[in-house]
Amino acid sequence: MYPLLRSLLFRLDPEDAHGHALALARMAGRLGPTRALLAAASRVSSPMLRVRAFGLDFENPVGIAAGYDKDGRAVQGLCALGLGHLELGTVTLRPQVGNQRPRIARFAAQRALVNSMGFPNAGVDALLAQDFGSPGRTRIGINIGKNKDTPLEDAAQDYCALIERVGDRADYIAVNISSPNTPGLRKLQDRAALEALLGAIARTRDARPRRVPVLVKIAPDLSEHEVDEVLEAIAHTAIDGVIATNTTTDRSGLPEEAVKLPGGTSGATLTARALGLTRQLARRTGGRLPIVAVGGILSPQDAVDRMRAGAHLIQVYTGLIYSGPFLIRAIQKELVRTCEREGLSSVFDLGAPSR
Ligand SMILES: Cc1cc2nc3c(=O)[nH]c(=O)nc-3n(C[C@H](O)[C@H](O)[C@H](O)COP(=O)(O)O)c2cc1C
């Protein structure tokens, strides 16, 4: 079924195609019978898939990454795909339009995308006004970012205000400081800036009556030394986990025309780099810091590799575009099969040698 739908969607501008896919998911989620049908076709239930990370229990380790449903418009439909978690956003305090279109390019032969979206979103009020319906057992993460026109030195105010706003609706919060499409944003990953920002964020988290885990999402373009610095800042400020990775500014493996495009690359050309970063993070932290692995997971085997590298959870985005929504189910089935073959009682144990 999906190859047919994909050939139709791929005739459209990538952002329009995404809008249609999201509208379809929203519609399917709103109608009880289609939602039930989708859930029945998607569900892979196994105790082996259950994972515990940053104080939360997840039905399975597979989620959809930030950017797919920025405004929380299709929560029920997406959750019916059998997700362990769904990360909404990136949401900003005030609505913003993002960069000029076209701002997503497809490189189908490489199974990659280049996007320069720049956090277009309807703002946090609109996100909170959405009725998420019943997300079932799916955990909801909300990914937050600063507005483009907020000066970098005031970024902490945006992030802290957003934590206050979304803290009661989110199972976890992801702090996005790694998008290449908001000028200067990645500078927040620098050691001193990061310690100050994460310190302020942790104080806001800890002052709230209900503690919500806060994770930080990092770029794949950091050097080994910079990754170590990020890990030190995370440890000093007791941040609950790391999401690795966002898109890369590297254009390796893509044709010449991609080099001229602004923005970040996702998909198969990111797989090796993101996998390497998961390995590095797991090794450096000895498995003590929960890792949400994302970047270039396009097949069930990519997901197995990422769990083996020490991930607690995994996320997909570009894989959904090229492989379709049932990629989620296929990944879960392969994870169960791998555990059975290796005599493991939990998918989490796949990563034991890497931690
Ligand atoms: C069109 C598009 C929009 C994205 N928007 C966001 C976003 O708003 N916030 C964010 O943290 N990541 C965003 N991402 C990055 C993804 O969440 C993910 O980290 C990245 O694409 C790598 O995973 P993938 O190779 O599976 O796509 C976006 C990615 C794409 C392709």
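Please refer to the structure higher up on the page.
These lines cover the structure that appears in this document, whether it is placed above or below. Quick caveat: nothing in here was measured; it's all calculated off a predicted structure.

Basis of the calculations
Residues numbered from 1 in each chain as written. Predicted model: local features only at pLDDT ≥ 70, side-chain atom pairs only at ≥ 80, totals over all residues. Heavy atoms only, no water. Helix = DSSP H or I, 4+ residues; strand = E, 2+ residues; numbered from the N terminus. Buried < 20%, exposed > 50% of the residue type's maximum accessible area, 1.4 Å probe, protein only. Core = buried A, V, L, I, M, F, W, Y, C linked by side-chain atoms within 4.5 Å. Contact = heavy atoms within 4.5 Å. Salt bridge = Lys/Arg side-chain N within 4 Å of Asp/Glu carboxyl O. Axes fitted to C-alpha atoms, helices over the stretch in contact; angles between N-to-C directions. Parallel < 35°, antiparallel > 145°, perpendicular 65-115°, else oblique. Left-handed = near helix turned anticlockwise from the far one by under 90°. Nonpolar A, V, L, I, M, F, W, Y, C, P; charged D, E, K, R; others polar. Pairing = 2+ DSSP bridges. Near = heavy atom within 4 Å. Polar contact = N/O pair within 3.5 Å; in protein donor to acceptor, adjacent residues only side chain to side chain. Areas by Shrake-Rupley, 256 points an atom, 1.4 Å probe, with all protein chains shown as cover.

1. What about unusual backbone geometry?
Now for step 1: Each neighbour pair has its own omega, and for Arg101 with Pro102 the value is -5°, a cis peptide bond.
Now for step 2: With respect to the helices and strands, the residue Pro102 is situated in the loop between strand E4 (85-91) and strand E5 (104-107).
Now for step 3: Positive phi outside glycine occurs at Phe54, with the angle close to 40°.
Now for step 4: Here the phi dihedral of Ala238 falls at roughly 55°; this positive angle occurs in a residue that is not glycine.
Now for step 5: Structurally, Ala238 is set in the loop between helix H8 (224-237) and strand E10 (241-244).
Now for step 6: In this structure Ala238 comes out as partly exposed when scored by relative accessible area, which is 44%.

2. Quick word on the nonpolar core
Now for step 1: Ranked by size, the top nonpolar core spans 96 residues in total, and within it Leu78, Ile144, Tyr159 and Ile201 carry the most contacts.
Now for step 2: The residues touching Ile144, leaving out its near neighbours within four places in the chain, are Thr90, Val91, Tyr159, Leu162, Ile163, Val166, Ile173, Ala174, Val175 and Asn176.
Now for step 3: Ranked by size, the runner-up nonpolar core spans five residues in total, among them Phe107, Ala112, Leu254 and Ala258.

3. A word on the pattern of salt bridges
Now for step 1: Following the criterion strictly, the structure yields 24 salt bridges and no others.
Now for step 2: The partner of Glu15 in a salt bridge is Arg101, with the nearest N and O atoms 3.5 Å apart. Here Arg101 lies in the loop between E4 and E5 and Glu15 lies in helix H2 (residues 14-30), a separation of 86 residues in the sequence.
Now for step 3: Using a relative accessible area of 15% as the deciding quantity, one classes Glu15 as buried.
Now for step 4: Where Asp240 meets Arg205, a salt bridge forms, and the shortest distance between an N and an O atom there is 2.8 Å. Note that Asp240 is positioned in the loop between H8 and E10 and Arg205 in helix H7 (residues 191-207), a separation of 35 residues in sequence.
Now for step 5: By relative accessible area, which is 13% here, Asp240 ends up buried.
Now for step 6: Taking the relative accessible area as the measure of exposure, Arg205 reaches 2% and is therefore buried.
Now for step 7: Here the salt bridges share partners, and the residues they tie into one network are Asp13, Glu15, Asp16, Arg101 and Arg103.

4. A closer look at the packing of H8 against helix H10 (residues 271-285)
Now for step 1: It is the contact of H8 with H10, at a shortest axis distance of 11 Å, that shows an interaxial angle of 50°. By the angle between their axes, H8 is oblique relative to H10. The hand of the H8/H10 crossing is right-handed. Residue-level inspection shows Glu224, Val227, Asp228 and Leu231 of H8 in contact with H10, the latter providing Leu277, Gln280, Leu281, Arg284 and Thr285.
Now for step 2: Per-class residue counts for the contact of H8 with H10 are four nonpolar, two polar and three charged.

5. Comments concerning the sheet that holds strand E6 (residues 112-115)
Now for step 1: Pairing is antiparallel across the open sheet formed by three strands, whose spatial order is E5-E6-E11. Every interior strand has two partners, whereas the edge strands, E5 and strand E11 (264-267), have only one. For this sheet, the mean inter-axis angle between neighbouring strands, taken without regard to orientation, is 20°.
Now for step 2: Summarising the sheet, E5 and E6 pair through four bridges and their orientation is antiparallel. Bridging from a neighbouring strand, Ile104 pairs with Asn115 of E6.

6. Some thoughts on the sheet that holds strand E9 (residues 214-218)
Now for step 1: One closed barrel accounts for eight strands, arranged E3-E4-E7-E8-E9-E10-E12-E13; its pairing is parallel. Taking each pair of neighbouring strands and ignoring which way they run, the sheet shows an average axis angle of 25°.
Now for step 2: Direction of pairing for strand E3 (residues 62-64) relative to strand E13 (residues 313-316): parallel, over a ladder of three bridges. By the bridge assignment for E13, Val62 is matched with Ile314.
Now for step 3: Packing of helix H13 (residues 327-342) onto the sheet brings it into contact with E3 and E13, and relative to E3 it is tilted by some 160°.

7. Quick word on the site of the ligand
Now for step 1: In the vicinity of the ligand, 22 residues are found, and the nearest of them are Ala66, Lys70, Thr90, Gly296 and Thr318.
Now for step 2: Interatomic distance of 2.9 Å between a side-chain N/O atom of Lys217 and an oxygen atom of the ligand.
Now for step 3: Between the ligand and Thr318 there is a distance of 2.5 Å, counted from an oxygen atom to a side-chain nitrogen or oxygen.
Now for step 4: Relative to its unbound accessible surface of 600 Å², the ligand loses 98% to contact with the protein.
Now for step 5: Only E6 and E11 provide two or more residues apiece to the shell around the ligand.
Now for step 6: The class makeup of the residues in the shell around the ligand is seven nonpolar, 13 polar and two charged.

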